[in-house]
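Below are the chains, spelled out letter by letter.
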Amino acid sequence: MNFKKFFDAVGWIFFPKRCKYCGCVIEPDRALCSNCSNNLPEISDPVCGFCGHSKADCICKSRKSYYSSVFAPFYYENMIKTAVGRMKFRENPALCRDFAEDMYKVFLQKYADIDFDLICYVPFSPDKIKSRAFNQAELLAKHLSEKTGIKLSDSLCCLYNIKSQHRIDGADRKGNVFGAYGVVNGEEVKDKTVLLVDDIKTTGATLDECAKMLRLYGAEKVYAITFAVAKAQKNITIDS
Ligand SMILES: [Zn+2]
Ligand SMILES: [Zn+2]
């Protein structure tokens, strides 16, 4: 064993390499654990741009939204739920860079031909700003901005405290976020083509409300991208 291999092995004992999605310990020369390698809930083409589901899972009937389309690399299930929990609640900002890589691949597939002016992100409400170390949507947007060269904008703001969307039934989510978002700098978004970033799309109500405000302030078009999309139940009508 040469010195490098020896020090790598010692380092692995104290700082073991972890699978970026589920967090289990993996061998140093692997990128993912075997379960994640084989079973990631990838959203496979062809994809419905209205709801972000694979067309085989789409039940949105192409309902119109204020954003033109939404795409994501994964469904929000299994190890991707674990991954989001590790990023968000265990406050691991380094994971945002890894997950932005997955979003960047989708960006290249779906949005490479669009001439974006700005990247905006779904902002935290005032109480979340106080209680959380970082806004994962903002960090994902920042890394995407670095990779794409598109300017990062913090024009969107959240005007008052709102209940977390995941605590609310689908039908009430639109009402929960109605009027909650504002635009700080209207001139910055006027006539611009905007990429809107969030970590998870559930019903799409939050993305739609943010896109609505950007459009009200004159943004020409808004396209959305998230790390994960919650798969709609086939017997529930998706709300935007
Ligand atoms: Zn894994
Ligand atoms: Zn659809």
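Here the structure is a predicted model, which is why all the values come from computation and not from measurement. (Residues numbered from 1 in each chain as written. Chains lettered and ligands numbered in written order. Predicted model: local features only at pLDDT ≥ 70, side-chain atom pairs only at ≥ 80, totals over all residues. Heavy atoms only, no water.)

**Details of the overall build of the protein**
Applied cut-off: Numbering goes from the N terminus for both helices and strands, where a helix is a DSSP run of H or I of at least four residues and a strand is a run of E of at least two. Only protein chains enter the accessibility calculation, which uses a 1.4 Å probe; a residue is then buried when its area is under 20% of its type maximum, exposed when over 50%, and partly exposed in between. Two residues form a contact once any of their heavy atoms are found within 4.5 Å. All accessible-area figures derive from a Shrake-Rupley calculation using a 1.4 Å probe, and residue coverage is judged against the displayed protein chains alone.
On a plain count of helices and strands, the protein comes out with nine helices and eight strands. When each of the 240 residues of the protein is scored for burial, the buried share is 50%. Of the contacts made within the protein by residues no fewer than 6 positions apart, 74% connect residues no fewer than 24 positions apart. Accessible area for the protein stands at about 12500 Å²; split by element, carbon and sulfur atoms hold 51% of it.

**Looking at the coordination of the zinc ion (ligand 2)**
Note the following rule: Here the term donor refers to an N, O or S atom within 2.8 Å of the metal (or 3.2 Å for Na, K and Ca), and because water is left out of the atoms, sites may appear incomplete. Sites are called tetrahedral only when four donors show all angles between 85 and 135 degrees, square planar or octahedral only when four or six donors show opposite pairs over 155 degrees and all other angles between 65 and 115, and irregular in any remaining case.
Surrounding the zinc ion (ligand 2) are the protein donor atoms Cys48 (SG), Cys51 (SG), Cys58 (SG) and Cys60 (SG), at 2.3 to 2.4 Å. Taken together, the four donor atoms coordinating the zinc ion (ligand 2) and their angles of 103 to 117 degrees define a geometry best described as tetrahedral. If you list the donors of the zinc ion (ligand 2) from N- to C-terminus, the spacing comes out as C-x2-C-x6-C-x1-C. Within this pair, whereas Cys48 is found in the loop between helix 2 (34-39) and strand 1 (70-71), its partner Cys58 is found in the loop between helix 2 and strand 1, the two being separated by ten residues in sequence. A relative accessible area of 24% places Cys58 in the partly exposed class.

**A look at the coordination of the zinc ion (ligand 1)**
Distances from the zinc ion (ligand 1) to its protein donors, namely Cys19 (SG), Cys22 (SG), Cys33 (SG) and Cys36 (SG), fall within the range 2.3 to 2.4 Å. Each of the four donor atoms bound to the zinc ion (ligand 1) contributes to angles spanning 104 to 118 degrees, and the resulting shape is tetrahedral. Sequence positions of the residues that donate to the zinc ion (ligand 1) give the spacing C-x2-C-x10-C-x2-C. Remark: Cys33 occurs in the loop between helix 1 (3-14) and helix 2 and Cys19 occurs in the loop between helix 1 and helix 2; sequence separation between them is 14 residues.

**As for the nonpolar core**
To keep things clear, this is the line we draw: To define a nonpolar core, start from buried Ala, Val, Leu, Ile, Met, Phe, Trp, Tyr and Cys residues and group those joined through side-chain atoms within 4.5 Å. Where each domain begins and ends follows an automated or database-derived domain assignment.
Ranked by internal contacts, the top residues of the largest apolar core, which has 44 residues, are Tyr21, Val197, Ile225 and Phe227. Looking at which domains feed residues into this core, each of domain 1 (1-39) and domain 2 (41-229) supplies at least three. Setting aside residues no more than four positions away along its own chain, Phe227 makes contact with Tyr21, Ala72, Pro73, Phe74, Ile80, Val84, Phe99, Asp102, Met103, Leu140, Asp198 and Asp199. Formed by 24 residues, the second largest nonpolar core is a distinct cluster that contains Tyr67, Leu118, Val177 and Val189.

**Thoughts on the pattern of salt bridges**
Basically, it comes down to this: Each reported salt bridge corresponds to a side-chain nitrogen of Lys or Arg within 4 Å of a carboxyl oxygen of Asp or Glu.
Within this structure, the stated rule accounts for nine salt bridges. Residues Lys88 and Asp199 are paired through a salt bridge, measuring 3.3 Å at the closest nitrogen-oxygen approach. Residue Lys88 is found in helix 3 (residues 79-88), and its partner Asp199 is found in strand 7 (residues 193-201); the two are separated by 111 residues along the sequence. Residue classification places Asp199 among the buried positions, given a relative accessible area of 4%. As a salt-bridge pair, Lys190 and Asp191 come within 3.8 Å of each other at their nearest N and O atoms.

**A short note on the packing of helix 4 (residues 94-110) against helix 6 (residues 136-148)**
Heads up, the condition is: Note on geometry: axes are lines fitted to C-alpha atoms, helical ones only across the stretch in contact, with angles between N-to-C directions running from 0 to 180 degrees. In what follows, roughly perpendicular refers to angles from 65 to 115 degrees, roughly parallel to angles under 35, roughly antiparallel to angles over 145, and oblique to any angle outside these ranges. Handedness of each helix crossing follows the sense of rotation of the near helix against the far helix: counterclockwise by less than a right angle gives left-handed, clockwise gives right-handed. All residues other than Ala, Val, Leu, Ile, Met, Phe, Trp, Tyr, Cys, Pro, Asp, Glu, Lys and Arg, Gly among them, are scored as polar; the first ten of these are nonpolar and the last four charged.
Running from N to C, helix 4 and helix 6 cross one another at 55 degrees; their axes reach a closest spacing of 9 Å. Classified by the angle their axes make, helix 4 and helix 6 are oblique. Our pair here, helix 4 against helix 6, has a crossing hand that is right-handed. Seen from helix 4, the contacting residues are Cys96, Arg97, Phe99, Ala100, Glu101, Met103, Tyr104 and Phe107; seen from helix 6, they are Gln136, Leu139, Leu140, His143, Leu144, Glu146, Lys147 and Thr148. Split by residue class, the contact of helix 4 with helix 6 holds nine nonpolar, three polar and four charged.

**Remarks on the packing of aromatic side chains**
The geometry of an aromatic ring pair is captured by two quantities: the separation of the ring centres and the angle between the planes. Note the cut-off: Stacked, edge-to-face and tilted labels apply to pairs of Phe, Tyr and Trp rings (six-membered ring for Trp) whose centres lie within 6.5 Å, assigned for plane angles under 30 degrees, over 60, and everything in between, in that order.
Applying the stated criterion to the full structure yields eleven aromatic pairs. Taken together, a centroid distance of 4.5 Å and an interplanar angle of 10 degrees make the contact between Phe99 and Phe227 stacked. Of the two residues, Phe99 sits in helix 4 while Phe227 sits in strand 8 (residues 221-229), which places them 128 residues apart along the sequence. Grouping residues by exposure puts Phe99 and Phe227 together as buried. When the centroid spacing of 5.5 Å and the interplanar angle of 65 degrees are considered together, the rings of Tyr111 and Tyr223 count as edge-to-face. Residue Tyr111 is located in the loop between helix 4 and strand 3 (118-121), and its partner Tyr223 is located in strand 8; the two are separated by 112 residues in the primary sequence. Of the two residues, Tyr111 and Tyr223, neither departs from the other in class, the shared state being buried.

**Thoughts on the pairing of strand 3**
The test is simple: A pair of strands counts as paired when DSSP detects no fewer than two bridges linking them.
Burial of the side chains of strand 3 extends over both faces: Leu118 and Cys120 are buried on one face and Ile119 and Tyr121 on the other. Here strand 3 runs beside strand 4 (residues 151-152); their pairing, made up of two bridges, is parallel. Bridge assignment links Leu118 to a residue of strand 4, and that residue is Lys151. With four bridges joining them, strand 3 and strand 7 adopt parallel strand pairing. Residue pairing for strand 7: Cys120 is matched across the bridge by Leu196.

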